[in-house]
There are 2 protein chains.
Amino acid sequence: MPSYTAPTKDLQYVLHDVLNVSASDIPGYAELESDFTAAVLEEAGKLTSEVIAPLNAVGDAEGCKLENGVVRVPTGFQEAFDQIREGGWTGLDMPEEYGGQNMPYVLGTAVGEMFSAANQAFTMYQGLTHGAASAILAHGSEEQKNTYLPNMVSCQWTGTMNLTEPHCGTDLGLMRTKAEPQGDGSYKISGQKIFISSGEHEMAENIIHLVLAKIPGGPEGIKGVSLFIVPKFMVKEDGSLGERNGVSCGKLEEKMGIHGNSTCVMNYDEATGYLLGEEHKGMRAMFTMMNEARLGVGMQGLAQAEVAYQNAVDYARDRLQGRDVTGTKNPDGPADPLIVHPDVRRMLMDQKSFVEGARAFILWGAHLIDKAHRSNDKDADGLISLLTPVIKGFLTDEGFDMTIQAQQVYGGHGYIEEWGMSQFARDARIAMIYEGANGVQALDLVGRKLAQDGGKHVMAFFELVKNFCSENKDVDGMADFVEPLKKASKDLQAAGMFFMQNGMKNPNAALAGSTDFMHMMGHVCLGLVWGMMARASLSALANGTSDAAFHETKLATGRYYMTRRLPATSMHLARIESGADPVMALAADAF
Amino acid sequence: MPSYTAPTKDLQYVLHDVLNVSASDIPGYAELESDFTAAVLEEAGKLTSEVIAPLNAVGDAEGCKLENGVVRVPTGFQEAFDQIREGGWTGLDMPEEYGGQNMPYVLGTAVGEMFSAANQAFTMYQGLTHGAASAILAHGSEEQKNTYLPNMVSCQWTGTMNLTEPHCGTDLGLMRTKAEPQGDGSYKISGQKIFISSGEHEMAENIIHLVLAKIPGGPEGIKGVSLFIVPKFMVKEDGSLGERNGVSCGKLEEKMGIHGNSTCVMNYDEATGYLLGEEHKGMRAMFTMMNEARLGVGMQGLAQAEVAYQNAVDYARDRLQGRDVTGTKNPDGPADPLIVHPDVRRMLMDQKSFVEGARAFILWGAHLIDKAHRSNDKDADGLISLLTPVIKGFLTDEGFDMTIQAQQVYGGHGYIEEWGMSQFARDARIAMIYEGANGVQALDLVGRKLAQDGGKHVMAFFELVKNFCSENKDVDGMADFVEPLKKASKDLQAAGMFFMQNGMKNPNAALAGSTDFMHMMGHVCLGLVWGMMARASLSALANGTSDAAFHETKLATGRYYMTRRLPATSMHLARIESGADPVMALAADAF
């Protein structure tokens, strides 16, 4: 069975050596001193590696079961869920007035990586609740906040997000679920929603569904969509639970992975619902949470890659197979460990350099979100809005590839469920799809974010990279990072230029290259954060750190990324510059 | 449920328009006239799409079950297996004297693609039998051939290959299974083999296991390994079946995919076995079949990509979601079909251009095998030996990626088992691992095949590409193919040069780039066959073909590959030229 070791040291490194959080001028960041974050991370690390991770394979093997309308979660999930509730882990970054601990989002994100890596399917029960609570926090009335948030922050009640219907996923304007006003401020919700994660289960006393639906007579399409709160059990005025609402789970989906999470078909049959936010402004309410939700999914890509990588390293060290061609490394054994072989090293270095880069990228993103929300920094808000589709799309595409690499290290044993490597790949696969499929992320990036506010944010991003390069170009040891980053950034700018010159005439000239652009930008971002880490580690070494080995390893891993992964940008640029023609040449019936 | 349409037209195109098989000066090829191959392919197409393909999802859902030592295959497998036996499909390219039809391997390969695409797990029962029969054909005594082949060619008996043991896969020198000589020419085989595909089942009257084992007192390591025939039921002198031999299935593995095939732990407990070929020459006997077996696995990569692609196209045409940014295509419907969107097109074109290129590559490879075997052409033998790891490694890596792309077209529905897209990806995943993991293919290519016979074969390959380019550079319409191919081939040669200059001093400088080289060479090969197809289609158009649309589509698809996929070679070259240092920088305990 695979194991999970919480990467607390590396998380601390990014928080303190790289982002220097406790010195940041953001409300709440002064508290993030190294001792404090260490204590939080250690505690979360213990819980995730010892309690949550051992349930990962159990959840995969057992899955969820629907019996007479009741969903049974896998063995051990209820007890573990009780434990995270009791530990206060569910409201880490939620306001104190609703029972949260009001910690910065960056710390919640660091903790969140560990939960996700330990058990993605399990962690989704609290993750969806967090998303739904955030929506109520942002758009709810005082009464709604008081009614729902305390129990959702503590996960006494869990939450869901209901968007997709059988005939519409990305294109929510096609939605059919209806909300009939009852004249008393409430609505009757009727329709069917699918792919509802954590849609039904008995781990919580109540489930608060957030449901997109159309109020009859409203505008056509996406502009007529409103968001509703639909509790599983009605909540009485005194806060106690009343009768069962008209919402039920019609079916559990059989999926490729995340078996431990109940993915439900939800049937709404004149269920009582309450408008959240304004009429017909449902999409806006959803979108305000999008940055966080998508960052959370990007994190799942990183998290599955991390746990898969850890196990691949263990296997590569233990499994004796073949001999090092440059000279035996294990003369007393029947063979050398797999890790001596260059192609195995390549796979491990791909994974390691991705995982550590992605971790820094995510935490940098979370730091920008804090800056935007806590310091009301518009530039940070614009930048994270630009980077969000990259975090979601690039990190989940790459994260999945890394789980496949990790599985490959195991050879035939990687294909056998017993070893657990298959589950990491199967679970990671969903992150490329949900919360906006990665093609939609690329479309968001190229079709919307590049031009947002007159292209201000992408220009700021290029400026940031340029400044980093000029500030560091003469720093000893930084040339290995600055030069490749400059080259990659130049490729990215050339691609952006191509879009500007051709996309106005023919939008397809830009859209045909959208996924390539997203990946290019992902590489530039990872190149940038590797540069930031290199700078931090070079400083630590120059200052006579007591942990030189850690920093030397960090530098070597970063150099690998710059040398072996960043050259992908030139391939993406070549593809982009071929424009729309090769992609759109065929008639639809010629396929 | 997904469907499968046999690509008979495209197979015919490659056989006749591109490879011009019936005009080839190879014994048996004159028979391969267009009408004849069309009849065979149509018949096989009907069988695979109507009978075999519908069992694919059944096999995945039910899997195989071990009950009191007996393995139950999924519903319908027995009847379908009877049907392919009755149709004579199992011995297509086997000698007539053993009941086969003696057709060229190239036709067997074309038929084989359809079986694999329709149902990989099912097809493995006959595939492994074919492999084992080939080994007996190549290395068996007359008596052994007469005893086993007629029933194996007809699949009355099936066959298996037993290599892997719990502690050794790639490194078979570590093998522990023993073969004690009994003085009467037979041996007693004892030991445990794992990952034995089709190891036990009741679809055939007998199972002929080919087992690698060590004869005590023989040379150490891989040089002391011999190959044995171990029947499940002893075969009496009159050919009838006798008592059960000491071999049994101890366990069925739970796997990520190919659930319909029984992957067995096989226990040999003083089972009676008979030496196949010479003592201690077991690996040589295995290797003579390797080219065909690996080509067959490469074909699985293509086959799963093909069937996944077909379904992705159907879905992209049917599913209405969003609007074409350049103007509505379906004004009467609520939305346009997915296929209007450039990023969906990109995914479909990636798949289409891969699948059609891979098909031509595989059939060209099979043609080389026929040339080598039937015409005793040493150059063809050298070339296919060089190309084999590329066919296996590149086509299965890419084939898997294409199943992931196809799944992505479905959005959330791709993740749900009901739609079948997950199965294509899960089944395709194994092909990257078995018959030598892809890293081992890359090692074989770079560490062995490049230098084989003084580098003669790789030089011949470059010469072939060069000649193709110079012969076609002035042909109208060929510049789109010749120029990118030249560029990619130049990158590949530069990589080969880097290995020559650095690999002698430090083998790791070559091995660290082995997988990149394999992928580069795969792209060059697909570029070459796309060039061959372009030439064929341009000729057809110049000659006033009645099917201009087919050839125009072929050309557009080829141009996509040349423009959008071939630029990958420069990325691989950059990685290769970074040498061993980035890959090998860390100590094993620094991961």
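About the cut-offs
Residues numbered from 1 in each chain as written. Chains lettered and ligands numbered in written order. Predicted model: local features only at pLDDT ≥ 70, side-chain atom pairs only at ≥ 80, totals over all residues. Heavy atoms only, no water. Phe/Tyr/Trp six-rings, centres within 6.5 Å; stacked < 30°, edge-to-face > 60°. Helix = DSSP H or I, 4+ residues; strand = E, 2+ residues; numbered from the N terminus. Buried < 20%, exposed > 50% of the residue type's maximum accessible area, 1.4 Å probe, protein only. Domains from an automatic or database assignment. Contact = heavy atoms within 4.5 Å. Least-squares fit on C-alpha atoms with pLDDT ≥ 70 in both. Salt bridge = Lys/Arg side-chain N within 4 Å of Asp/Glu carboxyl O. Buried area = accessible area lost by both parts, 1.4 Å probe. Polar contact = N/O pair within 3.5 Å; in protein donor to acceptor, adjacent residues only side chain to side chain. Axes fitted to C-alpha atoms, helices over the stretch in contact; angles between N-to-C directions. Parallel < 35°, antiparallel > 145°, perpendicular 65-115°, else oblique. Left-handed = near helix turned anticlockwise from the far one by under 90°. Nonpolar A, V, L, I, M, F, W, Y, C, P; charged D, E, K, R; others polar.

Enquirer: How would you explain the packing of aromatic side chains if you had to name every residue and give the values?
Expert: For the structure shown, the criterion picks out 27 aromatic pairs over all chains. When the centroid spacing of 4.1 Å and the interplanar angle of 15 degrees are considered together, the rings of A:Tyr315 and A:Tyr410 count as stacked. Here the residue A:Tyr315 occupies a position in helix α8 (residues 282-318), and A:Tyr410 occupies one in the loop between α10 (378-409) and α11 (412-415), the gap between them amounting to 95 residues. For the pair A:Tyr315 and A:Tyr410, one class covers both residues: buried. With a centroid separation of 6.3 Å and 35 degrees between ring planes, the pair formed by B:Phe361 and B:Trp364 is classed as tilted. One end of the pair is B:Phe361 and the other is B:Trp364, both in helix α9 (residues 342-374) and three residues apart, which spans about a single turn. Residue B:Phe361 is classed as buried on the basis of its relative accessible area, which comes to 0%. Judged by relative accessible area, which is 8%, B:Trp364 ranks as buried. Put simply, the rings of A:Phe77, A:Phe81, A:Phe122 and A:Tyr125 touch in pairs and so form one group of aromatic residues.

Enquirer: Describe the domain arrangement of chain A, listing the residues and the values that go with them.
Expert: Each assigned domain of chain A is listed here: domain 1 (8-139), domain 2 (157-280), domain 3 (288-436) and domain 4 (450-579). Each of domain 2 of chain A and domain 4 of chain A has a C-alpha centre, and the two are 41 Å apart.

Enquirer: If you had to explain the side chain of A:Asp10 to someone new, which residues and values would you point to?
Expert: Residues and elements named next belong to chain A. For Asp 10, the position within the fold is in helix α1 (residues 8-18). Among the residues examined, Asp 10 registers a relative accessible area of 8% and is labelled buried. If sequence neighbours within four positions are ignored, Asp 10 has contacts with Glu 356, Arg 359, Phe 550 and Lys 554.

Enquirer: Give a detailed account of the relation of the copies chain B and chain A, specifying residues and quantitative values.
Expert: Of the two same-sequence chains, chain B is brought onto chain A (RMSD 0.0 Å, axial shift 0.0 Å) by a rotation of 180 degrees. As the rotation angle and translation indicate, the two copies are arranged about a two-fold axis. Ranked by how close their C-alpha atoms come to the rotation axis, the residues of chain B are headed by B:Met571, at 3.1 Å. The share of interface residues of chain B whose copies in chain A are also at the interface is 100%, consistent with both copies meeting through the same surface.

Enquirer: Kindly report on the pattern of salt bridges, identifying the contributing residues and their values.
Expert: In the structure shown here, the tally under the stated rule is 64 salt bridges over all chains. The closest approach of N and O atoms between A:Lys281 and A:Glu278, which form a salt bridge, is 3.7 Å. For B:Glu142, the salt bridge identified is with B:Lys145, shortest N-O distance 3.5 Å. In this pair, B:Glu142 and B:Lys145 both sit in helix α7 (residues 142-153), three residues apart, roughly one turn of the helix. Given the relative accessible area of 14%, B:Lys145 is considered buried. If you follow the salt bridges from partner to partner, you end up with A:Asp10, A:Glu113, A:Glu306, A:Lys352, A:Glu356, A:Arg359 and A:Lys554 in one network.

Enquirer: How would you sum up the interface of chain B and chain A? Please name residues and give values.
Expert: With 91 residues of chain B at the contact, the number on the chain A side is 91 residues. Between chain B and chain A, a total of about 7400 Å² is buried, with carbon and sulfur atoms accounting for 62% of that surface. Interface area lost by chain B to chain A is led by B:Tyr415, B:Arg564 and B:Phe591, which between them contribute 12%. At the boundary of chain B with chain A, the tally comes to four salt bridges. The closest approach of N and O atoms between B:Arg564 and A:Asp516, which form a salt bridge, is 2.8 Å. At the junction of chain B and chain A, the tally comes to 44 residue pairs in polar contact (both at pLDDT 80 or more).

Enquirer: Describe in detail the packing of helix α14 (residues 452-472) of chain B against helix α15 (residues 479-503) of chain B, supporting the description with residues and values.
Expert: All names here are of chain B. Running from amino to carboxyl end, α14 crosses α15 at an angle of 155 degrees, the nearest separation of the two axes being 10 Å. As summarised for this structure, α14 and α15 are arranged roughly antiparallel, according to the angle between their axes. Between α14 and α15 the crossing geometry is left-handed. Every residue of α15 that contacts α14 at Phe 461, Phe 462, Val 465, Phe 468, Cys 469 and Asn 472 is listed here: Val 482, Leu 485, Lys 486, Ser 489, Leu 492 and Gln 493. Its residues placed into classes, the contact of α14 with α15 shows eight nonpolar, three polar and one charged.

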